[in-house]
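Remarks on the overall topology
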Amino acid sequence: MIHLFLTIPFQVSARFLLAVLLILSYVDAKQLRIAIVGAGPSGCSAAYFLSRDLPDSSITVFERSPYIGGRAYSIQMPIGGKLVTVELGASIVADANTFIRNASRDLGLQTVDTAWTELDPDTSMKSSDPLVGSLGIWDGSKWRYTQGPSKALLGDLLYKVGILLRYGILDGALQASNLVTKMVSGFLATYDGLLKAKSWATTQDFITDAGLSEVVSTTAYTSFRTQNGISELFVREFIGGITRNTYNQEVDIVSAWPAAVSLFSATTELFKVKGGNNRLYRSMLQHSNATTLLNTAVSQITTNSNDTYNLTASDNTTASFDVVILATPIAASGLTLPFSILGAPLTYVKLHVTVILGKIRPSYFKRFDLNQIPYFILTPSDPSTQSLPFNSLSILARYGTTVIVKLFSSRKVQDAVLDALFVSRSSVVRKVWDSPGAYTDLGPRADAGFASFVVQKGIYWTGAMEEVVSAMETQVVAARSVVNAIVKDFN
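Here goes a summary of the coordinates provided. Numbering of residues starts from 1 in every chain and runs along the sequence as written. The model is predicted, so local features are restricted to residues of pLDDT at least 70 and side-chain atom pairs to those at 80 or more, both for listing and for counting; the totals for chains, interfaces and linings are taken over all residues. With hydrogens and water stripped out, all remaining heavy atoms of the structure feed into the side-chain values.

**Considering the overall build of the protein**
Here a strand is any run of E in DSSP of at least two residues, a helix any run of H or I of at least four, and the numbering for each starts at the N terminus. The secondary structure content of the protein amounts to 13 helices and 24 strands. Within the protein, buried positions represent 59% of all 491 residues. Accessible surface, the protein as shown: approximately 18,500 Å² in total, 54% of it carbon and sulfur. Burial classes follow relative accessibility: with a 1.4 Å probe on protein chains only, a residue under 20% of its type's maximum area counts as buried, one over 50% as exposed, and anything between as partly exposed. Residue burial considers only the protein chains on display, and all accessible areas are found by Shrake-Rupley using a 1.4 Å probe.

Laid out in structure tokens, this is it:
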């Protein structure tokens, strides 16, 4: 058995390595040859799980971009003589996310417990700062709600009082929190089965197993407001605000399940990987001994008479594999496939991320001083806020009156808006998440459950999970299910 642990950044090297892999496939014909298309969270997790469950297999990962991690993508920005890690995609992880928490620990990565504002603990912004963990809901002309610091958005009793006064005692935050806990508990209960080698053939199996049939087929507004009596204010301002921040989708459109996932982050402890969440996925690939081909798109998959599959790269180099895991958005991959995949293609919602180093203009928010501006600002989900230039604003680090700010928005934040928002700015970084990499359109699906994790023996699609929800942990969960199916089919 021969293992190659390499990360190949150039297609010229990929061509050579694919030729080597082709030769090795004849040298060691009994070795299970596995191809993974995509080096995002699900692809890297699949490689990691496979290396543990099928240690004699040979794993090759194809990634069209020049980096590992997919939506887990970060940059370094200087402030006050220090570098701050700024996540441009997947930012924080709930402590209840068992697979990511355990993998981070097992791989020796340092994690940082963080407020939901994802503050960087190594900057000058310390927990003694009176605004760390503060929240505001801004509608473009006035503050609808503000609260002081809290490590978990709904977690501290003192700040629950303010929420209760704003949103109601019998139909507000506590009731919504209990409802979300009930929704999420079904998902968390699936871990036990996955750890015992259970797998799902389709998303319908997952939906049934997690008890999510009702919440994936109704809008967040219908579920929380109409069916469960949560107050209009709380649904529009709080649930809507945090769902706009997480998924760039409105409560009238998105299904109740992703809204519940968004709100769950406001009720629990959170963490991130120190130095960037993509460190986890790079470490997963390194641990798996996978051969990783960056800048290498797969253009075509064909079947052979001996139940194997040929993968052709964009440079027309071909290699043969026994198993193929599609860990990429099918619609945006450009792949030519010899089979149809139920549930594909999915549609995607473009998200703009803008990171600014500068000095905020307090008067933009009807304030006189930076110390009066919350560090995490949401915008409500209602018709009056559809024209706002951003969905959310996070102050990630502060040095004096200079701050690092991250904006999420559904369209590009124009320079004129930045001129109004900042007195001065010295750096602006923009990132657009479009397919691939964007969140899927997560509206309710009357026909939800038809996307296939197991396309046929030897072909598996982790992206099926994106039919109903999109998060780092759910991608890892999809990878765990797919690997369990592969072990069942080939071990």
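**With respect to the packing of aromatic side chains**
Stacked, edge-to-face and tilted are the three classes for Phe, Tyr and Trp ring pairs, Trp counted by its six-membered ring, which pair at centre distances within 6.5 Å; planes under 30 degrees apart are stacked, over 60 edge-to-face, the rest tilted. Applying the stated criterion to the full structure yields 20 aromatic pairs. On the basis of an interplanar angle of 25° and a centroid distance of 5.0 Å, the ring pair of Phe99 and Tyr191 is categorised as stacked. Residue Phe99 is located in helix H3 (residues 98–106), and its partner Tyr191 is located in helix H5 (residues 173–195); the two are separated by 92 residues in the primary sequence. With respect to burial, Phe99 and Tyr191 carry one shared label: buried. Aromatic pair Tyr364 and Phe365: ring centres 5.0 Å apart, planes at 75°, arrangement edge-to-face. Residue class for Phe365 comes out buried when judged on its relative accessible area of 0%. An aromatic cluster of at least three residues, connected via ring pairs, comprises Tyr48, Phe49, Phe99, Phe187, Tyr191, Trp200, Phe206, Trp257 and Phe453.

**Here's the deal with the environment of Phe187**
Tracing the backbone through its elements, the reader meets Phe187 in helix H5. Phe187 sits 25 residues away from Leu212 along the chain, and the two C-alpha atoms are 8.1 Å apart. Pairs of residues are marked as contacts when any of their non-hydrogen atoms sit within 4.5 Å. Those residues in contact with Phe187, other than ones at most four positions away along the chain, are Phe206, Ala210, Trp257, Glu473, Thr474 and Val477.

**Details of the side chain of Glu467**
Here Glu467 shows up in the loop between strand S24 (459–461) and helix H13 (472–490). Here Glu467 sits buried without a salt bridge, and the closest side chain of opposite charge, Arg445, lies 4.8 Å off (N-O distance). Polar contacts here mean pairs of N or O atoms no more than 3.5 Å apart (in protein, one a potential hydrogen donor and the other a potential acceptor; neighbouring residues in sequence count only if both atoms are side-chain atoms). Looking at Glu467, its side chain comes within polar contact range of the side chain of Thr203, at 2.5 Å. Working convention for charge: Lys and Arg count positive, Asp and Glu count negative, and His plus the chain ends are omitted. The salt bridge definition used is simple: a Lys or Arg side-chain nitrogen within 4 Å of an Asp or Glu carboxyl oxygen.

**Examining the sheet that holds strand S7 (residues 111–114)**
Here three strands make up an open sheet; going across it, the order is S6-S10-S7 and the pairing antiparallel. Two strands bound the open sheet, and with one partner strand each, they are strand S6 (93–94) and S7. Two strands are counted as paired when DSSP detects at least two bridges linking them. The pairing of S6 with strand S10 (residues 270–273) spans two bridges and is antiparallel. The residue bridging Val93 from the neighbouring strand is Phe271, located in S10. Simply put, an axis is a line fit to the C-alpha atoms, just over the touching stretch for a helix, and the angle between two N-to-C directions goes from 0 to 180 degrees. Taken strand by strand, H3 contacts S6, S7 and S10, and its axis lies near 45° from that of S10.

**Notes on helix H2 (residues 41–53)**
Multiplying 1.5 Å by the residue count of a helix minus one yields the expected span of that helix. Counted at 1.5 Å a residue, the expected span for H2 with its 13 residues is 18 Å, and the 18 Å between its end C-alpha atoms agrees. In terms of burial, H2 is largely enclosed, as 11 of its 13 residues are buried. Residues of H2 that are buried include every one of Pro41, Ser42, Gly43, Cys44, Ser45, Ala46, Ala47, Tyr48, Phe49, Leu50 and Ser51, and no others. Looking at the buried residues of H2, the elements they touch are strand S2 (33–37), strand S3 (58–62), H3, helix H10 (278–288), strand S15 (323–326) and H13.

**Observations regarding the packing of H2 against H13**
Where H2 contacts H13, the axes come no closer than 8 Å and their chain directions differ by 40°. Classified by the angle between their axes, H2 and H13 sit oblique to one another. In this structure, H2 meets H13 at a crossing whose hand is right-handed. Here H2 contributes Pro41, Ser42, Ser45, Ala46, Phe49, Leu50 and Asp53 to the contact with H13, which in turn contributes Met472, Gln475, Val476, Ala479, Arg480, Val483, Asn484, Ile486 and Val487. Of the residues contributing to the contact of H2 with H13, the split by class is 10 nonpolar, four polar and two charged. By the definition adopted for this analysis, an angle is roughly parallel if under 35 degrees, roughly antiparallel if over 145, roughly perpendicular if from 65 to 115, and oblique otherwise. In a left-handed crossing the near helix is turned counterclockwise from the far helix by less than a right angle, and in a right-handed crossing that turn is clockwise. Gly counts as polar in this scheme, as do all residues outside two lists: the nonpolar Ala, Val, Leu, Ile, Met, Phe, Trp, Tyr, Cys and Pro, and the charged Asp, Glu, Lys and Arg.

**Side note on the pairing of S10**
Alternating positions in S10 separate into two faces, Leu270 and Lys272 on one and Phe271 and Val273 on the other, with burial throughout. Relative to S10, S7 runs antiparallel, the two being bridged by four bridges. In the strand pairing of S10, Thr111 is matched with Val273.

**A closer look at the sheet that holds strand S19 (residues 392–399)**
Taking strand neighbours across the sheet as the criterion, the seven strands line up as S9-S8-S18-S19-S20-S17-S21 in an open arrangement whose pairing is mixed. Sheet topology places strand S9 (143–147) and strand S21 (422–433) at the edges, where each strand pairs with a single neighbour. Within this sheet the neighbouring strands show an average axis-to-axis angle of 15°, counted without direction. With four bridges joining them, strand S8 (residues 135–138) and S9 adopt antiparallel strand pairing. Within S9, the residue paired with Leu135 across the bridge is Gln147. The sheet strands contacting helix H8 (residues 232–247) are S8, S9, strand S18 (376–378), S19 and strand S20 (402–409), and the helix crosses S18 at an angle near 105°.

**Here's the deal with the packing of H3 against H10**
Helix-helix packing is described using two parameters, namely the angle between the two axes and the distance between the axes. With their axes 10 Å apart at the nearest point, H3 and H10 run at an angle of 65° to one another. If you check the angle between H3 and H10, you find them roughly perpendicular. Handedness of the crossing formed by H3 with H10: left-handed. Packed against H3, whose contacting residues are Ile100, Ala103 and Ser104, the element H10 presents Leu280, Tyr281 and Met284 at the interface. The residue inventory of the contact of H3 with H10, partitioned by class, reads five nonpolar, one polar and no charged.

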